[in-house]
Amino acid sequence: MNSYPPELLVQLAPVMFVAGLDVPPPPESTPSAAPGEPPSTRPLQDPFTLLTIRLRDALLSQRTAAIWQPDKSKTFQTVLVDKDVRFPPRKIPLSTDPHSLVHSPLSPLTPTSPLHPDGLIAPIWVRKHTTLVPSVFVVFIRLYESPPHHMPRSPLDQPHPDREAEERRRDAEMSAEIALRKKSTSERGIKLTVVLIASRKMLDDPALDTRLTFIRRQSGLDYRAALFVLSPVSPGELNEFIKSLQQALYEPAVDYYTSHSKRVRRKRNRHAQAASAYVLPVSPLGVASPTRPLRPEGWTVRYEYKMACFAEFRGEFEVALKHYQDAYSSLLMMFGSTAILPPRTKRWAEAKVLADCINLKICKLYLYNNEHALALSQHTIHSRRFSDFSRGWGIGDETFEFWSWIARQHRVFAELLEHGTSSTLILPAHKAAIPVPAAAPSGLAELDALRVLGLNPANALQHPGFYYYMAAQATERRRAQFFAMLESVEANGANLPGFANEKKVDHSGIALELYTKAYELFKKHSPLSNGNGQGRLTLRIAGRIAGTYYAAGKFDMAVRFFERIAKTYRRERWGTMLRPLLATCVTILVEMLAHGIDEDEDDDGILQEDLLAVLKSTVPSSHEEPLIVDLSDSEPIFATSIIFWTSTAFVGDRVAFQLSLTAPHDVAISALPFASLAIYFSHKEEPVVVHHDADAVVSGKVQRVDFGDLNPGIGAQAKGCLRWGKGGTIVFVGTVSSDVPMTLAIKRAVLALREGNWTVEIPIDPAAVRDGPVSNPKWLFNVDPIKFAPLRDGSNDHVTVHYRPHRLRVSMTHQSPAYLDEEYPIIISITNEDDRPLDVVLDVLLQPAEIDETVNDIRIDDEHSQSLIKGVAIGVIVPGTTALKSLYLTNTGGDGDRVLDISIQSRSPIVQDTSEVLLTLSVPTVAPMKVDYDVKYLHTRGPLPGLTDLHTYDRDYWDDREGGEAIIRAQMECVGPWGLSVETVRLVRKNGPHARVLECSLDEDEDDVTSDWLPGDEFAAICRISLSLEDETSEDDVFSGPGEFELSWRRILPNGDHGPLCTSRFPLPTLQPPRQSVIALLELPSSAKLHISISAHLTIRNHHPSRTASLSVQLEPDAADSFLIAGQRSARVPALLPGSEVRLAWSLIPIECGFVRVPRFRVLDKRNAGTVSPTQQPPGIEEEGIPVRVVDMRREERAKMVDEALALALEDAPSGGGGGVDDAGSIGPVLVLPSFNDNMSTI
């Protein structure tokens, strides 16, 4: 268990701090008594010092820190401290700000914590509650006693005058010291107990009760188990006192840990509620990711682990087990996501250690309750789950780290069982439920019944030796994976994590240590099976120890163990156990044949002689099953070469192959009785077997065995010489074919050696290579003389067989580019140039366009789709014919390319013989025409209906008083590269609640516009729209156009023909008429005659939905004006109600000819003057009112949106027109012509 922090493994118990038991230094040495001096004159030890020493020893021996302590006695783990010991701070501020948050120094939220920002639990937290913070604080203090001469000699004597004052002063000082310590313990909820040490004489003092009451009150001690008095007593009485003291303080200690549990539970519940709202912080691209805080799952692990520890402190093992299980489950959830715990990080390693320790705690608590099956199940599940996790982390069973962890789990579990069995744990006895009868079963039914009575060892708790044995086996796997990875690292030069440390590990030493422990424990727990006290399992483990010594290169130790094992097997005639050892010998000899002999050995045939001697003198363990010698991880015996004549072939073609087996040059194997060679192909289940021809002789260095034409799927037999001289080669040749597409290769070969009852099979891997120079495979062209030559294609160790490709010629015809709203035809032409009839199927995929508001459609026959049309049957195309299929593409939205992926699949009369042709077609798409709109807004002409007009309240009444009219001019232009034959142009009305079409220039001749539009041609249309605004409509509201222009057209093809009829629709623009609360409309004639009066009418309308206007109208003539004015110069409209109008009239007589400026009309709104703040009032606005815009009805034109305050300010400024102005124009002049009478008088 040294692999884990001891704080996370020890059994927790209530902690009691004891202060005041410091042993005083020994007195100065005095000369020893003379030999004749009586013993009574020698100095005696102080009884209080002796009491202190006994107290220290007794308290420290009550309980010590240990892994296994199932006892629930009310004892404490005692820690001796100084009286002025200080506790670590509970919480520290996160910054210098006094209002900042405070957290524990060990919290992940504290930047200086070792767990910041996402740690779980550190061993220092457990160490804090076991060595730094107690649940009970006991202080031993010597009670002051007056000198003997101050004590009364009898109860009737008067007390000494100085005794009471001195005792009161000393008691007050002691009470102050206790109160100071009481304050520090009360802040943490720690029980403080004071034990006053006094002499026996003091116990009989009548003033003792008074002094104790004073001390209790002054120091603030509790009335229960807070103050004790102890005098020097015998060791037996002292033990009774300590026992009673611990029993009295056990309940406050339990309350202390219970309060901690409640506090932690409240925190856990708060975090559980906030977990649903947790959002993983995401860093913007290009910015370094900040350190992420601990997730809610991590907080759950912390709180559950803390509650488990506090329950363990209280001795509530069932509660602790439940919390440990919850913490373990939360840890499994965290390990299930690599986003929460990324592998191979610091927090991931800490969490793994914590999970292992919690698992060990759960197993231990199960064993405390004698629930052996549950403990074993927890151990097994933990190993299995984290094995699955490890494979997901890239630490699977092919890595040494995986087996290192597995070995550690078995070892710590074995050590836990060893701790338990040395204390109170009793392992279960595994016996059959029903005694087995003495008579052997006579039938299969009885045999099956006996098997049911057995017990699976994996589901039964074994003694510790079994798990030491499992740990040793895992260590051997760890060593094997390490050496395999060492070869990979040396070959690739990669630096794997943990590899440098793994090089320093003595794997063999660890395995031997574990096997040795298992061996001793198996000897201890196994029943005696022979006279020497050796059980079968101990011998098995001894064999593993011998194998480990052999692998470590300690052959002398391996020989000792092998001799000991073999001696027992031979003496007891255990042939079943002895034969595997002999098989191992045969395997070793065969492997030595592959490795050859040393150069200093003269006899190159000694190995085959030793092998033949073993085979002839022994009997195998099984006559039916052969002995398989696997040399996959060793040096192969033969140098193997495979070569095919070509690397690719079609179905039914025959391909020649050659398999060469070359014997080693330094070892003789010609005497070995090889009986057969089985060659396994990838396309044949049955092998091709070559039997040795006894009449054949080795004719030369190279021999040839011909198989002829091998039929696919059928095994074949052949004869040939299977004897190799030193360095000899046998070449096996033949031809193979396949009726289906596949990869032809020689998977393996098996060489069988038969001698007596032995059958030894040696698998041959064709890809294995012997050490030494490697030559490229060559083709054997002739045996006599020998002629090898390399192939033109190189070395082909396999052949890929596939069907002959289908010959289809595909072309597509279309007139590019395509127009929007057009059903664009694409003709697909498929010609069969093969000699087989082909069944053709067509798939078309329309790729999504990267253009907004685009809806595209494809059609083949009657099938439409916006993405994929699959499985369009073209039919069977006989050789030499062509099939045509029309594909129609319809595009809407914006310009751009449309991409089509076309798949043409063909199938021959053979179902599996398929082929596919993939084509990509990009169709550029442009708009056939574009439409530009010009919108102008006009006020309503004519009088408005009165406020009392009842028909304005009808449901179907159209109120255009404020909205007026909109004049839309549409200019259509042919912009495509192809001409268009336009058949109809019309306006499709879609009147709405706010806009309706009154008339359009196309209403009369929409069917008479048939003409050909060439690129660049333009066409115009005008429509008039009436607008109705709601009272609550804001100036930002827009209305959709009440219709759309619909054009029916055909494309003009290059040959003059017309394409299919297409329809394009262009919606009217959105409308946003300007809104004005009060407006003045001036009506003037465009021309007048000299000295003849004309009328000027000013209509003022109040469009505000709720506010009444108070208006003043001023006509401001100028001396330079050319008009005589008849009418009011200044008028007042005191209350113009919402939705009403007033009409004023003047008569003007021109007195000059030409373009004459009209007098200036000025309208002010008195009501609005008080509603505009000075900061919002634009420049030029007077205090007497806000100017109202005056609009000349002859040249009316309104923009979409005009800032009202700015327009009013501009209107107030003088202009050349003489009237109010806005951003759209001004009041124009009047053309004055001379009258007829004036002309005559002039003549």
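Structure: see above.
Residues numbered from 1 in each chain as written. Predicted model: local features only at pLDDT ≥ 70, side-chain atom pairs only at ≥ 80, totals over all residues. Heavy atoms only, no water.

## With respect to the nonpolar core
Working step 1: Membership of the largest hydrophobic core comes to 119 residues, with the highest contact counts inside it found for Leu 331 and Phe 335.
Working step 2: When residues of this core are assigned to their parent elements, the largest contribution, 13 residues, is made by helix 9 (residues 346–368).
Working step 3: The residues touching Leu 331, leaving out its near neighbours within four places in the chain, are Leu 120, Val 301, Ala 351, Leu 354, Ala 355 and Ile 358.
Working step 4: Within the second largest apolar cluster, 46 residues are counted, among which are Phe 657, Ala 716, Leu 744 and Val 760. (Core = buried A, V, L, I, M, F, W, Y, C linked by side-chain atoms within 4.5 Å. Buried < 20%, exposed > 50% of the residue type's maximum accessible area, 1.4 Å probe, protein only. Helix = DSSP H or I, 4+ residues; strand = E, 2+ residues; numbered from the N terminus. Contact = heavy atoms within 4.5 Å.)

## Examining the sheet that holds strand 29 (residues 868–877)
Working step 1: In spatial order, the strands read 24-32-31-26-29; together these five strands make up an open sheet with mixed pairing. The open sheet has two edge strands with one neighbour each: strand 24 (818–819) and strand 29.
Working step 2: Bridging between strand 26 (residues 838–846) and strand 31 (residues 896–907) involves eight bridges; their strand directions are antiparallel. Paired with Val 841 across the bridge in strand 31 is Gln 905. (Pairing = 2+ DSSP bridges.)

## Notes on the sheet that holds strand 47 (residues 1141–1150)
Working step 1: Across the sheet, which stays open at both edges, the five strands sit in the order 45-47-43-41-51 with mixed pairing between neighbours. The open sheet has two free edges, formed respectively by strand 45 (1123–1126) and strand 51 (1190–1192), since each of these has just one partner strand. Between one strand axis and the next, the sheet turns through 30° on average, direction left out of account.
Working step 2: Summarising the sheet, strand 45 and strand 47 pair through four bridges and their orientation is antiparallel. Counterpart to Ala 1126 in the pairing with strand 47 is Ser 1147. (Axes fitted to C-alpha atoms, helices over the stretch in contact; angles between N-to-C directions.)

## Things to note about the pairing of strand 25 (residues 823–832)
Working step 1: Across the ten residues of strand 25, seven count as buried, placing the element largely inside the fold.
Working step 2: Sheet topology places strand 23 (residues 808–813) next to strand 25; six bridges connect them, and they run antiparallel. Pairing of Thr 813 across the sheet is with Ile 827, part of strand 25.
Working step 3: In the sheet, strand 25 pairs with strand 30 (residues 882–891) via nine bridges, with the strands oriented antiparallel. By the bridge assignment for strand 30, Ile 828 is matched with Lys 885.

## Details of the state of the cysteines
Working step 1: Scanning the model with the defined rule gives zero disulfides in all.
Working step 2: Free cysteine Cys 1000: the closest other cysteine sulfur is in Cys 1023, separated by 5.2 Å. (Disulfide = S-S within 2.5 Å.)

## Some words on unusual backbone geometry
Working step 1: In the segment running from His 116 into Pro 117, the intervening peptide bond is cis, with an omega of 0°.
Working step 2: Locating Pro 117 in the fold gives a position in the loop between strand 4 (102–103) and helix 2 (123–132).
Working step 3: Positive phi values are uncommon outside glycine, yet Ala 225 reaches one of about 50°.
Working step 4: Relative to the helices and strands, Ala 225 is located in the loop between helix 5 (208–219) and strand 7 (227–230).

## Observations concerning the pattern of salt bridges
Any two side chains of opposite charge can pair, given that their charged atoms come close.
Working step 1: Per the stated rule, a full pass over the model turns up 48 salt bridges.
Working step 2: Its salt-bridge partner being Glu 297, residue Arg 295 comes within 3.3 Å of it at the nearest N-O pair.
Working step 3: Where Lys 870 meets Asp 843, a salt bridge forms, and the shortest distance between an N and an O atom there is 3.4 Å. Taken together, the positions of Lys 870 in strand 29 and Asp 843 in strand 26 put the pair 27 residues apart, joining distant regions of the chain.
Working step 4: Given a relative accessible area of 58%, Lys 870 falls into the exposed group.
Working step 5: Residue class for Asp 843 comes out buried when judged on its relative accessible area of 8%. (Salt bridge = Lys/Arg side-chain N within 4 Å of Asp/Glu carboxyl O.)

## Some thoughts on helix 1 (residues 47–60)
Working step 1: Its 14 residues place the ends of helix 1 20 Å apart at the C-alpha level, agreeing with the 20 Å of an ideal helix rising 1.5 Å per residue.
Working step 2: Among all positions in helix 1, only Phe 48, Thr 49, Leu 51, Thr 52, Leu 55, Ala 58 and Leu 59 are buried. (Expected span 1.5 Å × (residues − 1).)

## Considerations on the packing of aromatic side chains
Working step 1: The full count for this structure, using the stated rule, is 42 aromatic pairs.
Working step 2: With a centroid separation of 5.1 Å and an interplanar angle of 75°, the aromatic rings of Tyr 256 and Tyr 257 are classed as edge-to-face. The burial state of Tyr 256 is the same as that of Tyr 257; both residues are buried.
Working step 3: When the centroid spacing of 5.8 Å and the interplanar angle of 25° are considered together, the rings of Phe 389 and Trp 393 count as stacked. One exposure class covers both Phe 389 and Trp 393, and it is buried.
Working step 4: One aromatic cluster is present, built from ring pairs that chain together Phe 335, Trp 348, Phe 386, Phe 389, Trp 393 and Trp 405.
Working step 5: Positioned above the aromatic ring of Phe 214, the side-chain terminus of Arg 168 is 4.3 Å from the ring centre.
Working step 6: Over the aromatic face of Tyr 819 sits the side chain of Arg 1051, whose NZ or CZ is 5.0 Å from the ring centroid. (Phe/Tyr/Trp six-rings, centres within 6.5 Å; stacked < 30°, edge-to-face > 60°. Lys NZ or Arg CZ within 6 Å of the ring centre and 35° of its normal.)

## Looking at the packing of helix 8 (residues 317–335) against helix 9
Working step 1: Where helix 8 contacts helix 9, the two axes come as close as 9 Å, and the packing angle between them is 150°. The pairing of helix 8 with helix 9 is recorded here as roughly antiparallel in orientation. When you trace helix 8 past helix 9, the crossing you get is left-handed. Contacts between helix 8 and helix 9 involve Phe 317, Ala 320, Leu 321, Tyr 324, Gln 325, Ala 327, Tyr 328, Leu 331 and Phe 335 from the former and Trp 348, Ala 351, Lys 352, Leu 354, Ala 355, Ile 358, Asn 359, Lys 361, Ile 362, Leu 365, Tyr 366 and Tyr 368 from the latter.
Working step 2: Here the contact of helix 8 with helix 9 is composed, by residue class, of 17 nonpolar, two polar and two charged. (Parallel < 35°, antiparallel > 145°, perpendicular 65-115°, else oblique. Left-handed = near helix turned anticlockwise from the far one by under 90°. Nonpolar A, V, L, I, M, F, W, Y, C, P; charged D, E, K, R; others polar.)

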